[in-house]
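# Overview (structure and organization)
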Amino acid sequence: MGTDPALIDKLGALAAHVVEEALASGLSWDQAITAFGIASKAIAAQAATQGVGTLDQCTQHAQERLKVGMEQGPEVLKAWLR
């Protein structure tokens, strides 16, 4: 992910927004996580239509990036989840 403060701020802001929407959705946390996976695949499909790679390549990359996201510490969100 790197240490670029602007990127960390953007990621934190988007993640905080997604968390807020998930909490307000009425879904269980388990269902909300499933929705994030569906959204990730949809983003990968859009990337594939833009010529970034095949759908399989983009989906694989999305899965890898989701793992990277799960490895991040809470400092990415701390400024946004107060």
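Throughout what follows, the structure given in this document is the object of discussion. Being a predicted model, the structure only gives us computed values, none of them experimental.

To continue, consider the overall build of the chain. On a plain count of helices and strands, the chain comes out with three helices and zero strands. Its helices and strands in sequence order give the chain the pattern α-α-α, from N to C terminus. With 82 residues in all, the chain has 15% of them scored as buried. Looking at the chain alone, contacts between residues at least 24 apart form 41% of all its contacts between residues at least 6 apart.

Here we take up helix α3 (residues 55-70). Its 16 residues place the ends of α3 22 Å apart at the C-alpha level, agreeing with the 22 Å of an ideal helix rising 1.5 Å per residue. Among the residues making up α3, those that are buried are C58, T59 and A62. With its buried residues spanning 100 degrees around the axis, α3 presents them on a single face. With respect to the buried face of α3, the exposed residues turned more than 90 degrees away are D56, Q57 and K67. Elements that come into contact with the buried residues of α3 comprise α2 (29-49).

Residues A44, A47, A48, C58 and A62 constitute the largest nonpolar core, which totals five residues. Taken together, the elements giving at least two residues each to this core come down to α2 and α3. Looking at this core element by element, the count peaks at three residues for α2.

Before going further, it helps to examine the packing of α2 against α3. Orientation of α2 relative to α3, taken along the N-to-C sense of each, is 135 degrees, at an axis distance of 8 Å. Judged by the inter-axis angle, α2 sits oblique to α3. Like other packed secondary-structure pairs, α2 and α3 cross with a definite hand, here right-handed. Between α2, through S40, K41, A44, A45, A47 and A48, and α3, the contact on the second element is made entirely by L55, C58, T59, A62 and L66.

Relative to the assigned elements, T59 resides in helix α3. T59 sits in the buried class, given a relative accessible area of 14%. Not counting chain neighbours up to four residues away, the residues in contact with T59 comprise K41 and A44.

Criteria and thresholds
Residues numbered from 1 in each chain as written. Predicted model: local features only at pLDDT ≥ 70, side-chain atom pairs only at ≥ 80, totals over all residues. Heavy atoms only, no water. Helix = DSSP H or I, 4+ residues; strand = E, 2+ residues; numbered from the N terminus. Buried < 20%, exposed > 50% of the residue type's maximum accessible area, 1.4 Å probe, protein only. Contact = heavy atoms within 4.5 Å. Expected span 1.5 Å × (residues − 1). Arc of directions from axis to C-beta. Core = buried A, V, L, I, M, F, W, Y, C linked by side-chain atoms within 4.5 Å. Axes fitted to C-alpha atoms, helices over the stretch in contact; angles between N-to-C directions. Parallel < 35°, antiparallel > 145°, perpendicular 65-115°, else oblique. Left-handed = near helix turned anticlockwise from the far one by under 90°.

These results come straight from atomic positions and should not be treated as a statement about function.
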